[in-house]
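# Analysis of the macromolecular model
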Amino acid sequence: MVKKQEKIFGASAPKKTCTDKKCPFHGTLNVKKESHTGVIFKKDIHHTATIEWFRPYFIKKYERFEKRRSRLRVHNPPCLDAQVGQEVLALRCRPLSKTKNFVIVKIIECKK
Ligand SMILES: [Zn+2]
């Protein structure tokens, strides 16, 4: 039987449904608390996306902050289908492939 979750950490299920096993809303995937927010800058086939975000990093010698970038490969379920430029919330899950350990659960806003 397919488990149906209505809400995951405040993110409600999208209106569209899908048959993806790796979908946290319509599949059998469980998510964990660890989360990251980033903007999608690349979208691949097989429901994969890459998100990036910037964080300040303090350099003691110059007493200033520099901008450091973090990137993460995430699963993009077909029911959400986030596009390039959208800000999304990704939560940790079981390893989905060699590089994917996170799944998108919510589209926060469109930046472009
Ligand atoms: Zn789905």
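Each chain has its residues counted from 1, running along the sequence as written. Where local features are concerned, this predicted model is filtered to residues with pLDDT of at least 70; where side-chain atom pairs are given and counted, the filter is 80 or more; whole-chain, interface and lining totals use all residues.

### Describing the overall build of the protein
A run of DSSP states H or I qualifies as a helix once it reaches four residues; a run of E qualifies as a strand once it reaches two. Both are numbered from the N-terminal end. Secondary structure summary: the protein contains zero helices and seven strands in total. Along the protein, helices (α) and strands (β) appear in the sequence β-β-β-β-β-β-β when read from the amino end. With respect to the three principal axes, the spread of C-alpha positions in the protein is 60 × 30 × 30 Å. Residue burial here comes from a neighbour count, namely the number of other C-beta atoms, placed from the backbone, that lie within 10 Å of the residue's own C-beta, with 20 or more meaning buried, 12 or fewer meaning exposed, and in between meaning partly exposed. Going through the 112 residues of the protein one by one, you find that 25% of them count as buried. Once C-beta atoms are placed from the backbone, any two residues with those atoms within 7 Å are in contact. When contacts within the protein are restricted to residue pairs at least 6 apart in sequence, long-range pairs at least 24 apart make up 55% of them.

### Section: unusual backbone geometry
The phi dihedral of His47 falls on the positive side, at around 55°, and the residue is not glycine. Along the polypeptide, His47 turns up in the loop between strand E3 (31–44) and strand E4 (48–59). By the C-beta count within 10 Å, which is 21 here, His47 ends up buried. We note that Glu63 has phi near 50°; this positive angle belongs to a residue other than glycine. Along the chain, the position of Glu63 falls in the loop between E4 and strand E5 (64–75).

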